[in-house]
Every structure is written in C-alpha cells, then in structure tokens.
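Examination of the molecular architecture
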Amino acid sequence: MFVEITNTPRDYAWGSTTAIPELFGTAPTGRPQAELWLGAHSGSPARLVGREGTLADVVPGRLPFLLKVLAASSNLSLQAHPSPEQAVAGFAAENAAGVPLDSPERNYKDAFHKPELIYALSEPFRALCGFRPVVETRAVLLPVSGDPRLSPLLDRLVDDGSLRSVFEWLITRGDGVDDVIAAVIEASAVDDDPAWQTVRFLADRNAGDPGIAISLLLNTVTLSPGQVLYLPAGNIHAYLEGLGIELMAASDNVLRGGLTPKHVDVPELLRVLDFRPSPVPWLEPERPQPGVEVFRPDVPDFVLTVVSRDAASAAAAAVPLTGPAIALCTSGSVTLNGHSLDRGEAVYVADEPSLRVSGHGKVFVASTGS
C-alpha cells in the first residue's frame, strides 16, 4: 500500500525562511519554515494527498517514528530526552499529580522515549552535543583565566566528576554566574576557536542566558552533508544552524536546559542527563549496495535508509522493510515498486516486504528497526 502524504512546515521562530523552499523548489512564504513533519504524530500529522484526512486516520495503532525536515537559522533549546523507563515513570507521576497534558510546565506528554538522529544536508550543519572532558574546556578558558570574573567557574571546574555540580550552578544562576556569562561573551570577541564562535552565536540570540556559558562544557560539532549524529537518551544537545533530515521516536518528551524562554525543570533535567564525557556520537552507515546507506541506531523504533541514484546507477536498489515506512524524495525522480516519487514528494508505505528503488535522484526511507 502506498499513500501520498504532505504537510505544512511549522513556523517556529528559529526556523529558516529559505532552506526548505530551496530544497524542494517551492516559493518562500516570508515566514520561518522550521520543521516539516512526516508522520502520524498528533502534533502535526501528515495530510493525505487528494483526499480528506491525515496519516493518523490510515495508520493502524501507533507509528513509532517521526520523519522531519529541519531547517534552523538560529539555535533550538538545549535539551535532553528520557530513557524508556524514565518516560513511563515521569508520565505516570505527572498524571498522578494532575498536571494537565497541555500545561507549559509538563515534562512528559506521553510514555515514550525520544532518541533521534540528524542527517546533515547543508554545509555546515552545527550543533552542540554531549559533555566534553573538562580538560578541553579548561584549555579553551586558559587564555582568559586571568579574568577574576571567571574564577568561580574555574574553581568549580576541577575534573569530569564536577560537571554535574558546575552545570547545576550555571543553570540555576548561582552566585557569580551572571559575571561568568558576561566574561565569556567578552572573551569570545577575540578568539576564533569553535567554542568561542558558538558563544558569540548564542549571545547574539539569547541575551544573558546561562546556556551561553554551558555551551563551553559541551562538544561543538560541525557536520558535513551526509554525516549523521545519533542522540540517545540523556544526551544534552542543541541544533544551532543548518538543514537536515531528522528521524526520531514519536514522542514529545523534552527536558530543556537553557537557551529557551520555556519551562526548565532543573531537578528532572539533572535526573535525566548523562554527565559522562563521551566522544561525539557519530552514526556510521552500513553500505549493503552501491548508492545505499543504512543508519541503524541501537533502538527498534527507526532506521534511516538513504538511496542516491545517478545516471550511472544500473540495477534498482533494494530496501528491505520490517514494517511501515515513509519515503521522501529530495532530488530528481525515483520509482518505488512502480510508484513515482518526485522532488519534494512523500509517501507512506505499508504491507510491503521491500522497496525496489529505480530512477535518478535521492530518497530518504524511514522505517521501523529489526
């Protein structure tokens, strides 16, 4: 079964006014186009093409993943997502406490986890992702360590084991934090290290927010087109700018940690965050056939398959499916089991054991994991 779907991009303030129109060859609206949702999630279910209704009317049960086109010209909030166990417990606790589902102070809108990956389309795509070793942050701060306003930070930032307490002090605006924010903004004006570039970028858009200083504790990551980050439970992150394909478990559970005017529940955020420094979580592809890349995270909710075909492509590519899928064509024109898909078009696929992809173009296939 093939069901053509579409949607209207969400106009969050941080969105780009041009990136999604340029990707699909459509006219800009003059408003931000931040996220195009292709899924059955109730927040913005994809619409059916040629008839009334949404994908939620077609999908039996719950579609476990949500495919998005994301276009950021400014940063999203610093955030982390819960594990499955944390999501179940948090949702039940807020229900028992009588917190309305639409309350701005609600952390858990459902009982599901929300791991995600981002596939970069633009050059560059920049993000903050996970805590880095304290020795790296101290090295960045060394040239400005003589500034007395930074002493409270440097005195607390002893080793990796101090990250939790330093983060809590910053996010709660403890004594001296406002001076630290001012000092790092001033220091960023004369250094071109990527961490200081990020400070400048954030300071221009988030005046006085403690997330500006928190960014120095995190990995600043620049993705080239085709690179993928995987963001598991507990990973603190924020997309800064760029165009990408995002694939996630279908959930609304977000614990925010700065760079936002929205609710920040510090105790719950501290409970969810993983403060262990770790390498940047790149997700490397499997390459089962020429022109086919499969990005398979360690969760069963979703897998992303990217098929790129040019004039030299010979045999059709085969994409095995273990359940429902959503396919999005971002360039050219491809055929999926005889169903034509042009640039900017998307389709929901069900009850198909595999997809046979031919034609010339690029198609992203989101499907359930094995």
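Structure first, text after, so check above.
None of these values were measured; they are calculated from a predicted model.

**A look at unusual backbone geometry**
Residue Pro124 is reached from Glu123 by a cis peptide bond, and omega for that bond is 0°. For Pro124, the position within the fold is in the loop between strand S6 (116–120) and strand S7 (125–131). Although it is not a glycine, Asn337 adopts a positive phi angle of roughly 50°.

**Section: the layout of surface pockets**
Estimates place the volume of the largest pocket at around 910 Å³. Residue assignment for the lining of the largest pocket shows that the elements contributing at least two residues are strand S2 (35–38), strand S4 (65–72), strand S10 (237–249) and strand S11 (255–256). Broken down by element, the lining of the largest pocket gets its largest block of residues, five residues, from S10.

**Quick notes on the pairing of strand S18 (residues 346–349)**
Of the two faces of S18, both are covered, the one formed by Ala346 and Tyr348 as well as the one formed by Val347 and Val349. For strand S16 (residues 325–336) and S18, the ladder comprises four bridges, and the chain directions are antiparallel. Considered in S18, the bridge of Leu328 is made with Ala346.

**Overview of the pattern of salt bridges**
Applying the stated rule across the entire model yields 12 salt bridges. The salt bridge involving Arg276 is made with Asp274; its shortest N-O contact spans 2.8 Å. Under the relative-accessibility criterion, Arg276 is labelled exposed at 61%. Accessibility expressed as a relative area gives 27% for Asp274, which makes it partly exposed. With a closest N to O distance of 2.9 Å, Arg287 and Glu293 form a salt bridge. Judged by relative accessible area, which is 18%, Glu293 ranks as buried. Connected through shared salt-bridge partners, Asp147, Arg149 and Glu186 make up one network.

**A look at the pairing of strand S17 (residues 339–342)**
The two faces of S17 differ: His339 and Leu341 on one face are buried, but Ser340 and Asp342 on the other face are not. Pairing of S16 with S17 involves four bridges; the strand directions are antiparallel. Residue pairing in the sheet places Ser333 in a bridge with Asp342 of S17. Between S16 and S17, which pair antiparallel and follow one another directly, the connecting turn spans two residues, one of which, Asn337, has a positive phi of 50°.

**Digging into the side chain of Lys114**
Position of Lys114 among the secondary structure elements: in the loop between helix H2 (84–96) and S6. Non-local contacts of Lys114, meaning those with residues more than four positions away in its chain, are made with Gln79, His81, Pro82, Met248, Ala249, Ser251, Asn253 and Val254.

**Focus on the environment of Ala92**
Relative to the helices and strands, Ala92 resides in helix H2. Each C-alpha atom, one on Ala92 and one on Thr137, is 38 Å from the other, the two residues being 45 residues apart in sequence.

**Remarks on the side chain of Arg126**
Structurally, Arg126 is set in strand S7. Take Arg126: its relative accessible area is 9%, and that puts it in the buried class. Every residue in contact with Arg126, bar those within four places of it in the chain, is listed here: Thr198, Phe201, Thr220, Val221, Thr222, Tyr239, Leu240 and Glu241.

**Here we look at the packing of aromatic side chains**
Think of a pair of aromatic rings as described by two things: how far the centres are apart, and how the planes are tilted against each other in angle. Evaluation of the coordinates by the stated rule reveals seven aromatic pairs. When the centroid spacing of 5.0 Å and the interplanar angle of 85° are considered together, the rings of Tyr119 and Phe364 count as edge-to-face. Residue Tyr119 is found in strand S6, and its partner Phe364 is found in strand S19 (residues 354–367); the two are separated by 245 residues along the sequence. For Tyr119, a relative accessible area of 3% gives the class buried. Ring centres 5.6 Å apart and planes at 70° place the aromatic pair Phe125 and Tyr239 in the edge-to-face group. One end of the pair, Phe125, is in strand S7; the other, Tyr239, is in strand S10, with 114 residues separating them in the sequence. Overall, Phe125 belongs to the buried group, its relative accessible area being 0%. Among the aromatic residues, those joined into a cluster by ring pairs are Tyr119, Phe295 and Phe364. Taking NZ or CZ as reference, Arg62 lies 3.5 Å from the ring centre of Phe112, over its face. The ring of Trp169 carries the charged tip of Arg156 above its face, separated from the ring centre by 4.1 Å.

Parameters and conventions
- Residues numbered from 1 in each chain as written.
- Predicted model: local features only at pLDDT ≥ 70, side-chain atom pairs only at ≥ 80, totals over all residues.
- Heavy atoms only, no water.
- Helix = DSSP H or I, 4+ residues; strand = E, 2+ residues; numbered from the N terminus.
- 1 Å grid on protein atoms, 1.4 Å probe; cavity = no way out; pocket = protein on both sides within 12 Å on 5 of 7 lines; lining within 4 Å.
- Points joined across faces, edges and corners; volume = space filled by probe spheres on them.
- Buried < 20%, exposed > 50% of the residue type's maximum accessible area, 1.4 Å probe, protein only.
- Pairing = 2+ DSSP bridges.
- Salt bridge = Lys/Arg side-chain N within 4 Å of Asp/Glu carboxyl O.
- Contact = heavy atoms within 4.5 Å.
- Phe/Tyr/Trp six-rings, centres within 6.5 Å; stacked < 30°, edge-to-face > 60°.
- Lys NZ or Arg CZ within 6 Å of the ring centre and 35° of its normal.

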